[in-house]
Amino acid sequence: MAEIRRSFAELRPKAARPEAVAPQITEARKVDAKGRAYATGKRKNAVARVWLKRGTGRVTVNEKELPKYFARPVLRMLISQPLVATNRMGQFDVICTVAGGGLSGQAGAVRHGISRALVLFEPELRPALKQGGFLTRDPRVVERKKYGHVKARRSFQFSKR
């Protein structure tokens, strides 16, 4: 007579069951000889190269202090979000060079770069950053202008006669 199976887990061979599988090896820490983690962040047309190292919380963007480069408080808050979400504010020095785009895109690129560098420095922070959506590259970019239109979607003014 046929065996009665009560769950889908019983259908799998014993070697493939979760209790028989070896525990997963966590990702190793990736830092250079100077103890820095390097990552690239992108947003719109901006690209940020970010170096993260243990320190006092100094953030330098294009060799300028953070309040000097990003004068708007909203942009500074955006950049500090990954550090706040992981309770690492004031524990890391951030040095970054950013090019392309406007200030908003550059701030988003720096935020993305800091998040990726944090994961390389401390891989156990990945779930917290992933849940906050800091590791996902925002795919929204400016729509191209079409011929026969003033802008991407705006048409020329219609004239009946």
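Preceding this section is the structure that the text describes.
Residues numbered from 1 in each chain as written. Predicted model: local features only at pLDDT ≥ 70, side-chain atom pairs only at ≥ 80, totals over all residues. Heavy atoms only, no water.

### Describing the overall build of the protein chain
A tally of regular secondary structure across the protein chain gives four helices and five strands. Put simply, the protein chain runs from its N terminus to its C terminus through helices and strands in the order β-β-β-β-α-α-β-α-α. Across the 161 residues in the protein chain, those meeting the buried criterion constitute 32%. Counting only contacts in the protein chain whose residues sit at least 6 apart along the sequence, the fraction spanning at least 24 positions is 66%. Just so you have it, the protein chain exposes about 11500 Å², and 56% of that area is on carbon and sulfur atoms. (Helix = DSSP H or I, 4+ residues; strand = E, 2+ residues; numbered from the N terminus. Buried < 20%, exposed > 50% of the residue type's maximum accessible area, 1.4 Å probe, protein only. Contact = heavy atoms within 4.5 Å. Areas by Shrake-Rupley, 256 points an atom, 1.4 Å probe, with all protein chains shown as cover.)

### Thoughts on helix 2 (residues 73-85)
Between its first and last C-alpha atoms helix 2 spans 18 Å; for 13 residues at 1.5 Å apiece the expected length is 18 Å, and the two agree. Listed in full, the buried residues belonging to helix 2 are L75, I79, S80, P82 and L83. Considering only its buried residues, helix 2 is in contact with helix 1 (66-69), strand 5 (92-99), helix 3 (103-121) and helix 4 (126-132). (Expected span 1.5 Å × (residues − 1).)

### Some details on the layout of surface pockets
Taken as a whole, the largest pocket spans an internal volume of roughly 210 Å³. Lining the largest pocket we find 14 residues, and of these R43, L78, G108, R111 and D138 sit closest to its centre. For the lining of the largest pocket, the elements supplying multiple residues, two or more each, are strand 1 (37-43), helix 2 and helix 3. If one sorts the elements of the lining of the largest pocket by residue count, helix 3 sits on top with four residues. Partitioning the lining of the largest pocket into residue classes produces three nonpolar, five polar and six charged. (1 Å grid on protein atoms, 1.4 Å probe; cavity = no way out; pocket = protein on both sides within 12 Å on 5 of 7 lines; lining within 4 Å. Points joined across faces, edges and corners; volume = space filled by probe spheres on them. Nonpolar A, V, L, I, M, F, W, Y, C, P; charged D, E, K, R; others polar.)

### A few points about the nonpolar core
One finds V61, F70, I114 and L118 to be the most contacted residues of the largest nonpolar core, which totals 31 residues. If one sorts the elements of this core by residue count, helix 3 sits on top with nine residues. Here I114 is in contact with V50, I79, P82, L83 and V94, once residues within four sequence places are set aside. (Core = buried A, V, L, I, M, F, W, Y, C linked by side-chain atoms within 4.5 Å.)

### Focus: the sheet that holds strand 2 (residues 46-54)
With respect to topology, five strands assemble into an open sheet ordered 1-2-5-3-4, the strand pairing being mixed. Pairing within the sheet leaves two strands with one partner each, and these edge strands are strand 1 and strand 4 (64-65). Bridging between strand 3 (residues 59-61) and strand 4 involves two bridges; their strand directions are antiparallel. If you follow V61 over to strand 4, its bridge partner there is K64. (Pairing = 2+ DSSP bridges.)

### With respect to the packing of helix 2 against helix 3
Pairs of packed helices are described in terms of their axes, by the angle between the two and the distance that separates them. Remark: helix 2 packs on helix 3, axes separated minimally by 8 Å, with the N-to-C direction vectors making an angle of 10°. What the angle tells us is that helix 2 and helix 3 run roughly parallel. For the pair helix 2 and helix 3, contact is made by L75, L78, I79, Q81, P82 and L83 and by L103, S104, A107, G108, V110, R111, I114, S115 and L118, respectively. Considered class by class, the residues forming the contact of helix 2 with helix 3 number ten nonpolar, four polar and one charged. (Axes fitted to C-alpha atoms, helices over the stretch in contact; angles between N-to-C directions. Parallel < 35°, antiparallel > 145°, perpendicular 65-115°, else oblique.)

### Some details on the side chain of R43
By secondary structure assignment, the location of R43 is in strand 1. Using a relative accessible area of 16% as the deciding quantity, one classes R43 as buried. Apart from residues lying up to four places away in sequence, R43 is in contact with G105, G108, A109, R137, D138 and R140.

### Some thoughts on unusual backbone geometry
A positive phi angle, close to 50°, is found at N62, a residue other than glycine. For N62, the location among the structural elements is in the loop between strand 3 and strand 4. Phi at N87 takes a positive value of approximately 55°, unusual for a residue other than glycine. Summarising the element assignment, N87 is placed in the loop between helix 2 and strand 5.

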